[in-house]
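# Coordinate inspection notes
Below are the chains, spelled out letter by letter.
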Amino acid sequence: MATTVVGQRLSRVDARRKVTGAATYSAEHRLEGLLYGVIVNGTVARGTVSRISVDAALGHPGVRRVLTDFGSLRLAHPVDRIAFYGQPIAVVVAETLEAATHGASLVEATYERQDAVTDLDAPGIPSQTPADEPDYSRGDPAGALASAQVKVDLELTSARENHNPIELPSTIARWQGGQLTLWDKTQWSQGAARTVAGALGIAVGDVRVHNEFVGGGFGSGIQTYDHVMLAAFAAREVGRPVKMVLTRRQFYYGAGFRPAGRHRISLGSSTAGRVSALAYDVRIENARYQSYTDGLTDLPQFLYGVPNTRTAYRVTPVDVPSPCSMRGPGVVLGNFALETAMDQLAHELAVDPVELRLRNEPTQDEVNQIPFSTRKLRECYETGARRFGWSRRHAEPGSRTDGDLLIGMGMATASYHNNRRDCSARARIHADGTAEVFAASADMGPGTTTSVMQVAADALGLPASAVTFRLGDSSYPTAPLHAAATTMASVGSAAHTTCNALKAEFIRRAVADPNSPLHGANPADVQVRDGRLETSGARDSYRDILRRAGLPSLDITGNWGPGDADSRISSYGYGAVFAEVSVDPLLGLVRVRRIFAAYDVGRVISPKLAHSQAIGGMVGGIGMALLEGTVTDHRDGRIVNASLADYLVPVNADVPDLDAAFINTEDPQADPIGVKGLGEITIVGVAPAIGNAVFNATGKRLTDLPIRPEALL
């Protein structure tokens, strides 16, 4: 596959627009007659609203309407009763944001309260086996554990985490006749269009969603939440456009979260370090009104060659809003349990943690009994260990110091399924020789606009400056959600396939045209470079072909999908993450000194953006390991730390030295451009690598996330 643009270390094509303020995010669009909507949130976790007083709000200058009857809406939760603290009970619509905000504070509600449970660990709450996460078993796990020469048995906890991108959830809704247009912070414009249409009882074709710029999502923009439907509902009721932006505090109730979890993992091994048995049980919090699951059991089942394996996934319904995906959903926590247990086993066997993992490398995907497409995990271990300086690690915990500080090194494996989904794209070449490619994808930060352009440019034989990738509009060709490390493999493959088809159409026209210098040439011999078609010294161009045909442009819409590939090959990304920490034994403070990771993620389209993705994932993993945890007051379900002043996220001082490398490989069996998903895997191994480094520094095996100073005192 000849390339000239793919592999270049390009900066983002929209970087200048973003840093100069020219990029327009969903809340920044200016519409004539715009009103502002503010949600009034309920203050009980379970019950009904017995009375709501809106007179004071309606009397406030600038307030136009107070909407309290949502009975015509179909939302994910009930609208006739309160299912969680913070549930919307009214919307105040006003001429200014200030008037709407103050008006909302004047709405008074009384409730008929019901006993509520918001604590995952409350006694007497029955757990359930979700239909899409059945129990799994191979071999004889119980027997193998009982007879194992060496055993590890750990119980772990993981706190609830909330998404905290700087851009808050925001929507502008405008009706024109029966047509609804939304400018929304969403990771899936077409999914949002379907959800809103269903909630309002209108046709999907009557909803258009724009999301050209998305300022971070981390999973919070996959689903379509109440504020989007309420903005559309309010705009229809008042007959004017309505903007609705959640506050930071409302964000914690109104747009999902990574659910808290309780984990138990057991490993059985021979003294030679061959793991013969694994058992993993996990339980997460869930809403009563909606079941949510993710891939918690994926890596315990898959990552190592363990012949006797059992996993069990349970959910505990409580009176909370529904969880949702957050970067590395599920997999990151299942891997935390697995990699913590593997590190403990390595310690008890007195085997190097990297060596233990190498001894348990599988030869095929043991869950599905199919071959790996590519698995360069051994190369990840070798590259990561060499560049990190793993050989300098002290095997004896607590034996390395720097002044009064304890120093430790830890590592963990990372992996994530290479998700590919059906996707369409439209490619167009204009009379001036420039090209556009369209798909209803999104770009919340990884650089999709740039990387898909690079693929399209090479497929069309054009320079990067001549190609633009258009996204962020639900009216564009169908694309999957911008999440789950799906976009590059899916949208990139659709762009590649479609652009090659468009190039072939130009070649066909040229060789069939008596007026073309390429007339009669073999299409297979024609090469395209910089928009020029060449063979045996003869040349034509996209511009000339369109000029002779009298066409302003030529376009093609194409499709790509993975077909049955997942039934034939096991396609995953892999990584090895290495971390060094210091621990102050007097204060219990953990500081990350450096992290290095090596990844097998197939062909790297845009090295500069890929490295940026890796660093971002590491920062998120540091937050998970050491800082992030949502605190709930279980008396009423209120979140105590629903602000960036109280919910801790990493800052510059927490991320001193982060680096990553990519193994030179590609996965042509998985998709035509040979890529694997990158966005999720970069967070997956970070928390266990840090936790294992803390153990190496202190000898204390910490099994609760986040790691808190008091646990080390």
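Please refer to the structure placed before this passage.
Nothing here was measured: the structure is a model prediction, and the numbers come from that model.

### Brief notes about the packing of aromatic side chains
This structure, assessed with the given rule, holds 13 aromatic pairs. A ring pair is formed by Tyr252 and Tyr647, whose centres lie 5.7 Å apart and whose planes are at 70 degrees; its orientation type is edge-to-face. Placement of Tyr252 in helix 7 (residues 248–254) and of Tyr647 in the loop between strand 27 (638–639) and strand 28 (658–662) is noted, with a sequence separation of 395 residues between them. By the ring-pair criterion, three or more aromatic residues cluster together here, those being Phe302, Phe372, Tyr572 and Tyr574. Here the basic side chain of Arg160 rests over the ring of Phe257, its NZ or CZ set 3.9 Å away from the ring centre.

### Considering empty space enclosed by the protein
The full count for this structure, using the stated rule, is three cavities of 30 Å³ or more. The calculated volume of the largest cavity comes to roughly 100 Å³. In the lining of the largest cavity, the residues fall into five nonpolar, six polar and two charged.

### Digging into the nonpolar core
Core analysis: the biggest nonpolar cluster contains 92 residues, and Ile595, Tyr599, Met618 and Ile690 have the highest contact counts within it. A per-element tally of this core places helix 9 (residues 331–349) first, with eleven residues. Discounting chain neighbours no more than four positions away, the residues touching Ile690 are Ala579, Val581, Val592, Ile595, Gly621, Ile622, Ala625 and Leu626. Core analysis: the second largest hydrophobic core is formed by 50 residues, Leu10, Val437, Val467 and Phe506 among them.

### Remarks on the sheet that holds strand 13 (residues 275–287)
Taken in spatial order, the six strands line up as 6-14-13-12-7-29 in an open sheet, and their pairing is mixed. At either margin of the open sheet sits one strand with a lone partner, and together these are strand 6 (136–138) and strand 29 (704–705). Of the strand pairs in this sheet, strand 7 (residues 150–158) and strand 12 (residues 261–269) are connected by nine bridges, and their pairing is antiparallel. The partner of Val150 across the bridge, within strand 12, is Ser269. Relative to strand 7, helix 9 is tilted by about 145 degrees, and along the sheet it contacts strand 7, strand 12, strand 13 and strand 29.

### A closer look at the pattern of salt bridges
On inspection of all chains with the given rule, the structure shows 40 salt bridges. A salt bridge links Asp281 to Arg310; the nearest nitrogen and oxygen atoms lie 3.0 Å apart. Placement of Asp281 in strand 13 and of Arg310 in strand 14 (residues 308–318) is noted, with a sequence separation of 29 residues between them. For Arg310, a relative accessible area of 30% translates into the label partly exposed. In this structure, Asp564 engages Arg568 in a salt bridge whose closest nitrogen and oxygen atoms are separated by 3.1 Å. Among the residues examined, Arg568 registers a relative accessible area of 44% and is labelled partly exposed. Overlapping salt bridges bring together Arg529, Arg532, Glu534 and Arg539 as one network.

### Some remarks on a nonpolar patch on the surface
Side chains of Leu586, Leu587 and Leu589 sit close together on the surface and give an oily, nonpolar patch of about 310 Å² of accessible area. You can see Leu586 is positioned in the loop between strand 24 (572–584) and strand 25 (589–600). When its relative accessible area of 72% is taken as the criterion, Leu586 is described as exposed.

### Describing the environment of Ser158
Residue position: Ser158 is located in strand 7. Since its relative accessible area comes to 1%, Ser158 is described here as buried. Along the chain, Ser158 and Glu379 lie 221 residues apart, while their C-alpha atoms are 31 Å from each other. Filtering out sequence-adjacent residues up to four positions away, Ser158 remains in contact with Ala260, Gly261, Arg262, His263, Leu333 and Leu705. Within the structure, Ser158 has its side chain in polar contact with the side chain of His263 (distance 2.9 Å).

### A look at the sheet that holds strand 22 (residues 538–541)
Two strands in a sheet stick together by hydrogen bonds in their backbones, pointing the same way (parallel) or opposite ways (antiparallel). Spatially, three strands are ordered 20-21-22 in an open sheet, and the strand pairing comes out antiparallel. Either end of the sheet is taken by a strand with one partner, and the two such strands are strand 20 (527–529) and strand 22. Averaged over all neighbouring strand pairs, the angle between strand axes comes to 30 degrees, with direction disregarded. As judged from the four bridges shared by strand 21 (residues 532–535) and strand 22, these two strands associate in the antiparallel manner. Along strand 22, the bridge assignment pairs Leu533 with Asp540. Those strands touched by helix 14 (residues 542–549) are strand 20, strand 21 and strand 22, and its axis lies near 65 degrees from that of strand 22.

Parameters at a glance
Residues numbered from 1 in each chain as written. Predicted model: local features only at pLDDT ≥ 70, side-chain atom pairs only at ≥ 80, totals over all residues. Heavy atoms only, no water. Phe/Tyr/Trp six-rings, centres within 6.5 Å; stacked < 30°, edge-to-face > 60°. Helix = DSSP H or I, 4+ residues; strand = E, 2+ residues; numbered from the N terminus. Lys NZ or Arg CZ within 6 Å of the ring centre and 35° of its normal. 1 Å grid on protein atoms, 1.4 Å probe; cavity = no way out; pocket = protein on both sides within 12 Å on 5 of 7 lines; lining within 4 Å. Points joined across faces, edges and corners; volume = space filled by probe spheres on them. Nonpolar A, V, L, I, M, F, W, Y, C, P; charged D, E, K, R; others polar. Core = buried A, V, L, I, M, F, W, Y, C linked by side-chain atoms within 4.5 Å. Buried < 20%, exposed > 50% of the residue type's maximum accessible area, 1.4 Å probe, protein only. Contact = heavy atoms within 4.5 Å. Pairing = 2+ DSSP bridges. Axes fitted to C-alpha atoms, helices over the stretch in contact; angles between N-to-C directions. Salt bridge = Lys/Arg side-chain N within 4 Å of Asp/Glu carboxyl O. Patch = residues over 30% accessible without salt bridge, like charges linked within 9 Å, V, L, I, M, F, W, Y side chains within 5 Å. Areas by Shrake-Rupley, 256 points an atom, 1.4 Å probe, with all protein chains shown as cover. Polar contact = N/O pair within 3.5 Å; in protein donor to acceptor, adjacent residues only side chain to side chain.

Coordinates in, geometry out; function isn't part of it.
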